[in-house]
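Structural overview for review
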There are 2 protein chains.
Amino acid sequence: MAKDRRKKADGGLRSLLRVPQGGVSLVDYDTRATPGGPGGKAAALAEMAQVRARLAELQERLFAQSTAGDPRCLLLVLQGMDTSGKGGTVKHVAAGLNPTGVRVTAFKAPTAEESQHPFLWRIRKALPTPGEIGVFDRSHYEDVLIARVRDLVPRATWGRRYGVINRFEQSLADDGVTVVKVFLHIGYEQQRERLVARLDNPAKHWKFNEGDIAERALWPAYQQAYEAALDRCSTDSAPWYLVPADRKWYRNWAVAKLLLEHLELIGPEFPKADFDVAASRAALLKT
Amino acid sequence: MAKDRRKKADGGLRSLLRVPQGGVSLVDYDTRATPGGPGGKAAALAEMAQVRARLAELQERLFAQSTAGDPRCLLLVLQGMDTSGKGGTVKHVAAGLNPTGVRVTAFKAPTAEESQHPFLWRIRKALPTPGEIGVFDRSHYEDVLIARVRDLVPRATWGRRYGVINRFEQSLADDGVTVVKVFLHIGYEQQRERLVARLDNPAKHWKFNEGDIAERALWPAYQQAYEAALDRCSTDSAPWYLVPADRKWYRNWAVAKLLLEHLELIGPEFPKADFDVAASRAALLKT
């Protein structure tokens, strides 16, 4: 705990949650943990209000500076097992942002058209443009997760994709895209509870799929596939963060905080006027 | 006033704000009016919280039913003079919605590529898909507004566009798109105040353009162009609503309420489970 505090002071949540060099063994991570987090739910909600206000402010600056030609933007990638809360995180984190500057894409199983293209084709079409905050609910990582676990493509094909992804993300960084990748880590028991809760609420039946049960049987294979993705694709240009996600209040707070820390690193500024303010004011008052 | 109240009871804000058959003379509308609105700013803010909660609920149902094959969606079109608050309205109205189901597009002057296509080309690409709420900050109406006022195309070309737009919007309605078009009506003095306020705040300089002053000189021509658009393109399939917009609290409330009334007309419902809930529950508990 003392160690965690020190880390937080040094590099914020970014250094605390970043997947370490050499990879992770997911079973070693407590999915109910709240590293670096506020003391509890009430404190987290209170802090969220401040984080949201600051996020909105930085988002406006990011958007503003793009109108003066700054190419920078941010892409938040959310991955995690079913019910890990990807959709809920988007709702809570992006809710305070200006929707004009947010582009959310929820990737489903590839369509027939998408399947005829390289796996990054649909991803490239959904990238944020300068000044925008893009959010991916699932992403190109599905192509080394379900594609690997379900043998959707030959081993040699998904095996090559880790390198393809790293080069792709490096090229995004070269273009001024800050890539923030978050793995929402929930526990096996927690997933069962959440799936049962969906079945017990008719307003949530549409979120349930009979296939979800069969997927659970593949839990160990998915954990292994996630470990490989986190290990092989956590780079300095596009690091992976591991967010314990059994507690929704921590999950929402942590992702919002990671987003905020990365926006602060970008440090966007309102552009200076490229016109004579006093002259414009005088001209305006004559109209 | 008594008449307004009766109208509100009959058909809500929709009938109260709908542009009447035979068109409008914009100077006859008080831009500071608050027809059908709450008594004042405090009351409006309080009511907004309720409206937002209800909007979020209906949006979730709209999205849910699309997963079961229902094609319906909604498109909110915002038009208005500079500083009329199109961007601010998006921020306030859409802020409570789930960003995954919202697709906001702010149309600027057409790019070189867009200019090489028919004027509806870029519009079609930005349409909401089933279950989504699309928001246009400016739209295809610019092609009968600035294009007409600034002589960007021959008179015969913009003259034909009213019919083209009506057929286009009818085809959207045929496809299950509820089209809600809102004209944010501000006054000439109010615009000056807002432009001056931008100049007096360095954090807003990026929103100011020297051309904004020249555009003000064309105010009467723009009002005339708006009158023509409201008159010729307010159809039963895609009516225009006129929202007095000098008071921001009324503007935000009115647009949110119009959106809500249209979602209530759609009346989206959570789809029924297409699987055996009890059997799934039992199978799940064994995992």
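No experiment lies behind these values; they were computed from the predicted model shown.

Comments concerning the overall build of chain A
The helix and strand inventory of chain A stands at 12 helices and five strands. With respect to the three principal axes, the spread of C-alpha positions in chain A is 75 × 50 × 45 Å. A sequence separation of at least 24 residues applies to 82% of the contacts in chain A between residues at least 6 apart. Summing over all exposed atoms, chain A offers an accessible surface of approximately 12900 Å²; the carbon and sulfur share of this is 51%.

Focus on the sheet that holds strand β4 (residues 177–185) of chain A
Residue and element names in this part refer to chain A. Taking strand neighbours across the sheet as the criterion, the five strands line up as β2-β3-β1-β4-β5 in an open arrangement whose pairing is parallel. Whereas interior strands pair on both sides, the edge strands pair on one side only; in this sheet they are β2 (102–106) and β5 (240–244). On average, adjacent strands in this sheet sit at an angle of 20° to one another, irrespective of strand direction. In the sheet, strand β1 (residues 73–80) pairs with strand β3 (residues 133–137) via five bridges, with the strands oriented parallel. When the bridges of β3 are listed, L75 appears paired with G134. Running over the sheet, helix α11 (residues 248–266) touches β1, β3, β4 and β5 and is turned about 155° from β5.

Describing the nonpolar core
If you look at the biggest cluster of nonpolar residues, it comprises 77 residues, and the most contacted ones within it are Y141 and V182 of chain A. Take this core: its biggest share by element is 11 residues, from α11 of chain A. The residues touching V182 of chain A, leaving out its near neighbours within four places in the chain, are L76, V77, L78, Q79, W240, Y241, V243, V255 and L258 of chain A. Of all hydrophobic cores here, the second largest spans 75 residues; its members include V104, A245, V255 and A256 of chain B.

A closer look at the relation of the copies chain A and chain B
For the pair chain A and chain B, the relating rotation is 180°, the translation along its axis is 0.0 Å, and the fit reaches an RMSD of 0.0 Å. Both copies of the chain, as the preceding transformation shows, are related through a two-fold rotation axis. Relative to the rotation axis, the C-alpha of A95 of chain A is the closest in chain A, positioned 2.9 Å from it. Here 100% of the contact residues of chain A are again contact residues in chain B; the copies associate through an equivalent surface.

Focus: the UniProt feature "domain: Polyphosphate kinase-2-related" (unreviewed entry) in chain A
When the UniProt feature table is mapped onto this chain numbering, "domain: Polyphosphate kinase-2-related" (unreviewed entry) sits at residues 45–264 of chain A. Secondary structure content for residues 45–264 of chain A is 52% helix and 15% strand, and the end C-alpha separation is 21 Å.

A look at unusual backbone geometry
Residue and element names in this part refer to chain A. Positive phi, close to 70°, is recorded for T83, a residue that is not glycine. Mapped onto the fold, T83 is located in the loop between β1 and α3 (86–94). Phi is positive for R138, which is not a glycine, with a value near 70°. Examined against the element boundaries, R138 turns out to sit in the loop between β3 and α6 (146–149). Since its relative accessible area comes to 22%, R138 is described here as partly exposed.

Things to note about helix α7 (residues 155–174) of chain A
All names here are of chain A. A rise of 1.5 Å per residue sets the reference length of α7, with its 20 residues, at 28 Å; its end C-alpha atoms lie 30 Å apart and thus fit the reference within 8%. Within α7, the axis deviates most sharply at Y162, by approximately 30°. Every buried residue of α7 is listed here: W158, R161, Y162, I165, F168, E169 and L172. For α7, the elements touching its buried residues are β1, α5 (121–125), α6, β4 and α10 (219–232). Within two residues after α7, G176 carries a phi angle of roughly 95°, on the positive side.

Considering the side chain of H262 of chain A
Residues and elements named next belong to chain A. Here H262 shows up in helix α11. Judged by its relative accessible area of 6%, H262 falls in the buried class. Looking at H262, its side chain comes within polar contact range of the side chain of Y241, at 2.9 Å. Ignoring any residue separated from it by four or fewer positions in sequence, one finds H262 in contact with R14, L74, T178, V180 and Y241.

Here is what the cut-offs are and how they apply
Residues numbered from 1 in each chain as written. Chains lettered and ligands numbered in written order. Predicted model: local features only at pLDDT ≥ 70, side-chain atom pairs only at ≥ 80, totals over all residues. Heavy atoms only, no water. Helix = DSSP H or I, 4+ residues; strand = E, 2+ residues; numbered from the N terminus. Contact = heavy atoms within 4.5 Å. Areas by Shrake-Rupley, 256 points an atom, 1.4 Å probe, with all protein chains shown as cover. Pairing = 2+ DSSP bridges. Axes fitted to C-alpha atoms, helices over the stretch in contact; angles between N-to-C directions. Core = buried A, V, L, I, M, F, W, Y, C linked by side-chain atoms within 4.5 Å. Buried < 20%, exposed > 50% of the residue type's maximum accessible area, 1.4 Å probe, protein only. Least-squares fit on C-alpha atoms with pLDDT ≥ 70 in both. UniProt positions renumbered as here; feature names shortened; annotations may be inferred. Expected span 1.5 Å × (residues − 1). Bend = angle between axes of the 7 residues up to and from the residue. Polar contact = N/O pair within 3.5 Å; in protein donor to acceptor, adjacent residues only side chain to side chain.

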